[in-house]
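Descriptive structure summary
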Amino acid sequence: MALPLSSFDPTYRIYLALAQYPLLRRRMRTRMRQEMFERGIITPAALEELVQQQATNSQIREGMQNTVDEEASDDWKQRLDIVREHLTDLHFANNLPFKVFDDIVRQVLAERGAESEDLQRTFNPELAPQEALFEQAKMIARLPLAERAKYEAREREIKVVLIRSTISDQLAYVNIAKEWFTLDDLLAIRHHKIGKGKVGGKAAGMLLALRILQRVAEKDIAQNVTIPESYFLGADVMYAFMANNNMIHWADQKYKDEDQIRNEYATIQQEYAAGSFPEDILAELAKMLEKVGHSPIIVRSSSLLEDNFGSSFAGKYASYFCPNQGTPEENLHALTQAIAAVYASGLNPDALLYRRANGLQDYDERLAVLMQVVQGEAYGDYYFPHLAGVAFSRNLFRWSPKIQPNSGFVRLVTGLGTHAVEQIGNDYPRLVALSHPELRATANVSSLVNYSQHFMDVVDLSENVFKTLPVSEVLDAGYPHLRMLASVYKDGDLRPIRTRLEAQDSEMVVTLDGAIRSTPLADRMSRALKYLEKHYKSPVDMEFTVQLLPEKDGKVDVKFFILQCRPQSHLQEETAELPETLPTNRTILATSKMAPHGRISGIRYVVFVPPEGYYSLPSAEARANLSRAIGKLNKLLESEDFICVGPGRWGTSNPDLGISVSYADIYNTHALIELSGQGVGPVPEPSYGTHFFQDLIESRIFPLAVHFEDADAMFNRAFFYDTPNRLETWAPELASLQNSLRLISVDDFAQGQIIELIMDSEAGRSAAFLKPEDE
């Protein structure tokens, strides 16, 4: 007889529970029937009549013509028993709460003296239903410590199987997680999970980081670190959504060619937005919304590969804020739309091409979804955290020899953290080297004002929308934490805010100086990162928010909320030492701007975007066409060693500030070199720590900057402007872009030569120079 398929069906839940007790389930079902008879739910006669009727119907379905004579009496008796068991489960589940069933189980086990005896029964955890594993985990958790020690091996086995089936099956993660998670931790995750499948990498990293810090960090950290209220939509729900909307045909998208992947993505987004969820999932999501009330929610991807060791997928999949201020129906609709959009983002070109480039294309990449209450508080109509950011245990860029790379680095903003992890227009986070938190990259006050945070992301509670607003529209002189976040700019100087009147009468600049100087934020973050790196056995990065606690004894304390934690993308150490002398006529470019340590050998081609050609393009559409052309060259040059050089910031969302490419447009290059100064534009704010930067480091694409006005900068104009343009040879359809896009063959400039690019962080100098190919 077919069993209900949904894990939310109460009959199925009882069936799974009874499956754990093969020797006792007959006695338990007898008690279940007695309970129903005593409560008047059904009479013994009525139940037996149903049993006979359904057993006979099952014979007819199997094609028996004479239901009395064609079946042996033993087979008929077995048929009656199976139907009776099913009807017992069905009527009990539909009429009585699960607690009554749980009480019956306990009574039968107590009569048998069976909890410890039941734990000794043989079954294979690798094959057992997850429900059975959780039930046995609860039994072990209830035992006295002395008796629990006898089942240490069983507990460890169950814990590992549950980690693999509930959280992540990545062995590098399992090997660490099994030492930190308890069975109680896994039970807590289960209570916050909706649907089948794992909770995915983003949730896995967040939960593990919290457990490590709460167990081993000093008291001031352990007592002031937590995670937001979180719920998990299991990864298998994605396939249920696709099946529910006849979308399984998109499952092979990852194997299509690049042009098809790009061209079909808009259609995928439209279809997913129009999709609907199974009724049982909708019911559970509605219950979740009842629990969180009108708190804003963020809906985040948490794929099975995301935040894994060696493949962070930083920024590849979408996240969406749900203000959650409407009616229950409106809020549920907004939530399901956000989840569907996250699912669609799993098929976006950036993600699929990233997987292809990193050898992950053949993995069954399902997306779980992490739904979190947004940490923060309301000020007027706006809701936002006091501080948010991303922290790294290793600092790959040092703007001063004083900075210690192993002490870590933070990108910090006020408001929602999107401004900390993305390159957004001409807006800038505070960059904090944790070994010297107050050391800025420049002492020039006008530069500090210019390269500061001018906008902040908030949830507008009155309009029920996510917004990006000027800081001055959100924070005013009455904001209670203003002196922690801003300074006053007066008479060419930046000063701390001392009085409300001073804030009203002067221009305010977001510096975050107060939070860095007057709270334990930097010290605690540095120590926390060291603990995580030690126990992850790898450098880590962590996204977080910060709550500024009420002042006590003249001091402001801080509380961290971990949003995610993953192994940090970092470059492998290698020898990279510049020659003592470099002849000018053999140097292509040189800079003392901060850069990672490394070398690129054998460069044969350079993709060059002339600044004057780029900025003379007549429209944003024309610049977008140029970005697509770079993507075409990236594909054509797949088997060649090449670098990209162009004006402003590579990967910016604002084409006025630089070249708006994505990872999918440049993943085959070896370096992205940004030009600034002398009419080209301002010095780009370092992208270190953004999702785009993470992509570069993971793919061994070196970021570098050349500022023409630096005294020791060098840029070989003859190489970049006088060498023939090979664009039309490689891509005839791009010939119209020759004034704004050049493809340079090194051999055309110096026959038999290649370019070597060395970034020597110890010497604080980088250079690209010609070298004989046969060396």
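Structural notes, computed from the coordinates. As the structure is a computational prediction, the values presented were derived from the model and not from experiment.

A word on the overall build of the protein. The number of helices and strands found in the protein is 32 helices and 28 strands. The buried share of the protein, taken over its 775 residues, is 54%. For the protein, contacts bridging at least 24 residues in sequence account for 74% of all contacts bridging at least 6.

You can see His535 is positioned in helix α25 (residues 521-536). If sequence neighbours within four positions are ignored, His535 has contacts with Ile176, Trp180, Ile212 and Val216.

With 16 residues, α25 should cover 22 Å at 1.5 Å per step; its first-to-last C-alpha distance of 22 Å lies within 8% of that length. Along α25, the positions that sit buried rather than exposed are Leu521, Ala522, Arg524, Met525, Ser526, Ala528, Leu529, Leu532, Glu533, His535 and Tyr536. Directly after α25, the chain includes Lys537, whose backbone phi takes a positive value near 60°.

Below, the discussion takes up the side chain of Thr652. As for its position among the elements, Thr652 is in the loop between β22 (642-647) and α28 (663-666). For Thr652, a relative accessible area of 1% puts it in the buried group. At 3.1 Å, the side chain of Thr652 and the backbone nitrogen of Asn654 are in polar contact.

Under the defined criterion, the tally for this structure stands at 40 salt bridges. For Glu85, the salt bridge identified is with Arg29, shortest N-O distance 3.6 Å. Of this pair, Glu85 sits in helix α4 (residues 73-95) while Arg29 sits in helix α2 (residues 25-39), and the two are 56 residues apart along the sequence. In this structure, Arg527 engages Asp523 in a salt bridge whose closest nitrogen and oxygen atoms are separated by 2.9 Å. Here Arg527 pairs with Asp523, and both are found in helix α25, just four residues apart, close to one helical turn. When salt bridges that share partners are traced, they join Glu218, Asp220, Asp523, Arg524, Arg527 and Asp557 into one network.

Here we take up the sheet that holds strand β6 (residues 367-373). Within the open sheet, the five strands sit side by side as β1-β3-β6-β4-β5. Their pairing is mixed. With one partner strand each, in any of the chains shown, β1 (193-194) and β5 (319-322) form the two edges of the open sheet. In the sheet, strand β4 (residues 297-303) pairs with β6 via seven bridges, with the strands oriented antiparallel. Each residue of the ladder has a partner; that of Arg300, found in β6, is Leu370.

With that out of the way, let us pick up the pairing of strand β21 (residues 605-608). Residue alternation in β21 divides its side chains into two sets, Tyr605 and Val607 and Val606 and Phe608, and both sets are buried. Two elements, β21 and β22, share four bridges in a ladder whose sense is parallel. Following the sheet pairing, Tyr605 is matched in β22 by Phe642. As paired strands, β21 and strand β26 (residues 742-745) are joined by four bridges and run antiparallel to one another.

Note that strand β14 (residues 486-490) and strand β16 (residues 507-510) share four bridges and pair antiparallel. The residue bridging Ser487 from the neighbouring strand is Val509, located in β16. Of the pairings in the sheet, the one linking β14 to strand β15 (residues 493-496) comprises four bridges and is antiparallel in character. Bridging across to β15, Tyr489 finds its partner in Leu494. Once β14 ends, the chain turns through two residues before running back antiparallel as β15, passing Asp491 with a positive phi of about 55°.

A full pass over the atoms with the stated rule returns 23 aromatic pairs. Measuring from centroid to centroid gives 4.9 Å for Tyr379 and Tyr479, while their planes differ by 75°, and the two rings are edge-to-face. A residue pair is termed long-range when its members are at least 10 positions apart, and Tyr379 in strand β7 (residues 377-379) and Tyr479 in the loop between α21 (471-474) and α22 (482-485) qualify at 100 residues. Centroid distance Phe608 to Tyr721: 5.4 Å. Interplanar angle 85°. Geometry classified as edge-to-face. With Phe608 in strand β21 and Tyr721 in helix α30 (residues 717-722), this pair connects stretches of sequence that are 113 residues apart. Taken together, the aromatic side chains of Phe608, Phe708, Phe715, Phe719, Phe720, Tyr721 and Phe749 make up a single cluster linked through ring pairs. In this arrangement the basic side chain of Arg623 is found over the ring face of Tyr614, its NZ or CZ atom lying 5.0 Å from the centre.

The next point concerns unusual backbone geometry. It is generally the case that most residues other than glycine have a negative phi and that most peptide bonds are trans. Even without being a glycine, Asn246 presents a positive backbone phi close to 55°. Checked against the element boundaries, Asn246 lands in the loop between α14 (236-244) and α15 (258-273). Using a relative accessible area of 64% as the deciding quantity, one classes Asn246 as exposed. If you check the backbone angles, Asn464 has positive phi at about 60° while not being a glycine. Note that Asn464 resides in the loop between β12 (455-460) and β13 (465-470). Residue Asn464 is classed as partly exposed on the basis of its relative accessible area, which comes to 30%.

A word on the packing of helix α16 (residues 279-292) against helix α17 (residues 328-345). Contact geometry of α16 with α17 gives a least axis separation of 10 Å together with a crossing angle of 115°. With respect to the hand of their crossing, α16 and α17 are arranged in right-handed fashion. Where α16 abuts α17, its residues Leu282, Leu285, Ala286, Met288 and Leu289 lie against Asn331, Leu332, Leu335, Thr336 and Ile339. For the contact of α16 with α17, the residue count by class is eight nonpolar, two polar and no charged.

Turning our attention to the sheet that holds strand β8 (residues 382-384). One open sheet holds the four strands; their spatial order is β7-β8-β12-β13, and the pairing between them is antiparallel. Across the chains shown, the open sheet's two edge strands, defined by having one partner strand only, are β7 and β13. Strand-to-strand twist in this sheet, taken as the mean axis angle between neighbours without regard to direction, amounts to 45°. Bridging between β7 and β8 involves three bridges; their strand directions are antiparallel. Across the sheet, the residue bridging to Ala378 is Tyr383, located in β8.

With that out of the way, let us pick up the environment of Cys322. Here Cys322 lies in strand β5. Distance in space between the C-alpha atoms of Cys322 and Ala334 is 6.6 Å, their sequence separation being twelve residues.

Mapped onto the secondary structure, Asn654 falls in the loop between β22 and α28. When the C-alpha positions of Asn654 and Ala620 are compared, they lie 9.3 Å apart, and in sequence the two are 34 residues distant.

Conventions we followed
Residues numbered from 1 in each chain as written. Predicted model: local features only at pLDDT ≥ 70, side-chain atom pairs only at ≥ 80, totals over all residues. Heavy atoms only, no water. Helix = DSSP H or I, 4+ residues; strand = E, 2+ residues; numbered from the N terminus. Buried < 20%, exposed > 50% of the residue type's maximum accessible area, 1.4 Å probe, protein only. Contact = heavy atoms within 4.5 Å. Expected span 1.5 Å × (residues − 1). Polar contact = N/O pair within 3.5 Å; in protein donor to acceptor, adjacent residues only side chain to side chain. Salt bridge = Lys/Arg side-chain N within 4 Å of Asp/Glu carboxyl O. Pairing = 2+ DSSP bridges. Phe/Tyr/Trp six-rings, centres within 6.5 Å; stacked < 30°, edge-to-face > 60°. Lys NZ or Arg CZ within 6 Å of the ring centre and 35° of its normal. Axes fitted to C-alpha atoms, helices over the stretch in contact; angles between N-to-C directions. Left-handed = near helix turned anticlockwise from the far one by under 90°. Nonpolar A, V, L, I, M, F, W, Y, C, P; charged D, E, K, R; others polar.

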